[in-house]
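What the coordinates show
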Amino acid sequence: MEAPFVYGRIADKQNFTDRKDEVALLSQNFSSLINTVIISPRRWGKTSLVNKCARLLSEKNKDILVCQVDIFNCRTEEQFYTAYANALMRVSTSAWEEFVAGVKKYLGRMAPVVSLSEGSQSYELSFGISFKENRLSYDEILDLPQQIAKDKGKKIIVCIDEFQNINEYEDSLAFQRKLRAHWQKQTSVCYCLYGSKRHMLLDIFNDYSMPFYKFGDILFLQKIKREDWIAFISQRFADTGKQISDELCGMIADKMKNHPYYTQQLSQQTWLRTLDVCSEEIVAEAFNSLIGQLSLLFTNIIDSLTSRQISFLIAVADGIVNFSSKDVLKQYQLGTSANIKNLRKATLEKDLIDILPGNVIEIQDPAFEYWLKNGYQASAK
């Protein structure tokens, strides 16, 4: 029997959990061509949310094309343009011949090469080594969605995942100005930009001195509520002929602090161990096993940190708020209060903590937090 819980890949259809308000908002923004920025930590379901809204919109309105671009592996401006052009051409064509004709029509001046992967129907375009020097090519590619929308009489939603990566490009500020200059003029296109590094995205979209300031709506994705998890987990168990009480569903959500990825993972581990009726012992066994599986990964993370960074994370896990107090500095061996700013910055850049509204600091990974407070500290004593 196929396990009824999904994590580590896009959750769709019956695997998609709640997010009713977010789906309604994002779908409305897509339909109205309102630019939207989605910000949340890793594994909170941003891609699943975008995919859900894209599917609903595509089924409802055939005059809207949704183009999804993942720039996680794009480390340069040139790689961005290639991925961007490929995604736009794929979503606006349906066959090899049409793809080739579209590339020739819109990008022919840049002499792109179109290739077909062996043994599949996957095809892509690439540019020659002179592409980097041809600055005019960039403008042509950035105008591509508006041109396609105009020619086909459609609207285009361009969704770009891991958008914060543009901060790492050479002369990132100039690149951002270029994107904004082109995108703000497009009347048949809107953009959904999202990523997992909150601090980097806030630097791009929430700083009035930056080109993308006030670019569109900012949606801070929240965790799925406990009561929604209870209903979801209970239903998925029931769908597969197994029973679990609401109390135990809530226990699963609580142990993982409603974290979407981990709540699904612990639910699956619990489901796999349940023959007919789940028990508290089964949930505990599944949780301890999961922490054990992850302990090597967590140990590797610890090995990459300084002793004060580790102590700072333990303080965060313990719920410390005033890190600069003399007692806290002494208890956790953090040195002087001047160190706190650097410790916070270092752990934030490593995606180990998140800074919530009100300047509240929390560990991003609830399993790592549990291990820090229990497994690691116990072994370190």
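See above for the structure.
An account of the accompanying structure is given in this report. Note that the structure is predicted; figures quoted are calculated from it, not measured. (Residues numbered from 1 in each chain as written. Predicted model: local features only at pLDDT ≥ 70, side-chain atom pairs only at ≥ 80, totals over all residues. Heavy atoms only, no water.)

**Some words on the sheet that holds strand S1 (residues 36–39)**
Reading across the sheet, the 5 strands line up as S2-S5-S6-S1-S7 and stay open at both edges, with parallel pairing between neighbours. Edge positions in the open sheet fall to strand S2 (64–70) and strand S7 (217–220), since each of these has one partner strand only. Direction aside, neighbouring strands of the sheet carry axes that sit 15 degrees apart on average. Note that strand S5 (residues 155–161) and strand S6 (residues 189–195) share 6 bridges and pair parallel. When the bridges of S6 are listed, isoleucine 157 appears paired with cysteine 190. Lying on the sheet, helix H8 (residues 198–205) is in contact with S1, S6 and S7; it crosses S1 at an angle near 155 degrees. (Pairing = 2+ DSSP bridges. Helix = DSSP H or I, 4+ residues; strand = E, 2+ residues; numbered from the N terminus. Axes fitted to C-alpha atoms, helices over the stretch in contact; angles between N-to-C directions. Contact = heavy atoms within 4.5 Å.)

**Focus on helix H2 (residues 46–60)**
Residue pairs three or four apart in sequence face the same way in an α-helix, which turns once every 3.6 residues. For H2, which comprises 15 residues, the first-to-last C-alpha distance of 21 Å matches the rise-based estimate of 21 Å (1.5 Å per residue) to within 8%. Looking only at H2, the buried set comprises Lys46, Ser48, Leu49, Val50, Asn51, Lys52, Cys53, Ala54 and Leu57. Buried residues belonging to H2 abut helix H1 (20–31), S1, S2, S5, S6 and S7. (Expected span 1.5 Å × (residues − 1). Buried < 20%, exposed > 50% of the residue type's maximum accessible area, 1.4 Å probe, protein only.)

**Notes on the environment of valine 100**
In this structure, valine 100 sits in helix H4 (residues 96–107). On the basis of relative accessible area, valine 100 is assigned to the partly exposed category, the value being 31%. A sequence separation of 43 residues divides valine 100 from leucine 57, and the C-alpha atoms of the two residues are 27 Å apart.

**Quick look at the packing of aromatic side chains**
One pass over the full model with this rule turns up 26 aromatic pairs. Look at phenylalanine 163 and phenylalanine 212: their rings are 5.7 Å apart centre to centre, the planes differ by 85 degrees, and that puts the pair in the edge-to-face class. Of the two residues, phenylalanine 163 sits in the loop between S5 and helix H7 (172–183) while phenylalanine 212 sits in the loop between H8 and S7, which places them 49 residues apart along the sequence. By the burial criterion, phenylalanine 163 is buried, and phenylalanine 212 matches it. Taken together, the ring pairs in this structure connect Phe80, Tyr81, Tyr84, Tyr138, Phe163, Tyr169, Phe175, Trp183, Tyr191, Phe205, Phe212 and Phe215 into an aromatic cluster. Between the NZ or CZ atom of arginine 75 and the centre of the ring of phenylalanine 72, over which it lies, the distance is 5.3 Å. The lysine or arginine in question, lysine 242, covers the ring of tryptophan 271, its NZ or CZ lying 3.8 Å from the ring centre. (Phe/Tyr/Trp six-rings, centres within 6.5 Å; stacked < 30°, edge-to-face > 60°. Lys NZ or Arg CZ within 6 Å of the ring centre and 35° of its normal.)

**Points about the layout of surface pockets**
Of the pockets and cavities examined, the second largest pocket occupies roughly 270 Å³. Lining the second largest pocket are 14 residues, with Arg42, Arg43, Ile301, Asp351 and Asp365 sitting closest to its centre. In terms of residue count, the dominant contributor to the lining of the second largest pocket is helix H12 (residues 280–303) (3 residues). Within the lining of the second largest pocket, the residues separate by chemical class into 7 nonpolar, 2 polar and 5 charged. There are two domains that each give the lining of the second largest pocket at least three residues, and those are domain 1 (20–97 + 137–220) and domain 3 (305–380). (1 Å grid on protein atoms, 1.4 Å probe; cavity = no way out; pocket = protein on both sides within 12 Å on 5 of 7 lines; lining within 4 Å. Points joined across faces, edges and corners; volume = space filled by probe spheres on them. Nonpolar A, V, L, I, M, F, W, Y, C, P; charged D, E, K, R; others polar. Domains from an automatic or database assignment.)

**A closer look at the pattern of salt bridges**
Pairs can form between side chains of opposite charge whenever their charged atoms are close. Counted by the stated rule, this structure contains 12 salt bridges. Among the ionic pairs, glutamate 59 bridges to arginine 55, the shortest N-O distance being 3.2 Å. Of this pair, glutamate 59 and arginine 55 both sit in helix H2, 4 residues apart, which is roughly one turn of that helix. The residue aspartate 254 makes a salt bridge to arginine 226 at a minimum N-O spacing of 2.8 Å. Here arginine 226 lies in helix H9 (residues 226–239) and aspartate 254 lies in helix H10 (residues 246–255), a separation of 28 residues in the sequence. On the basis of relative accessible area, arginine 226 is assigned to the partly exposed category, the value being 35%. (Salt bridge = Lys/Arg side-chain N within 4 Å of Asp/Glu carboxyl O.)

Any functional reading would require information that these geometric values do not contain.
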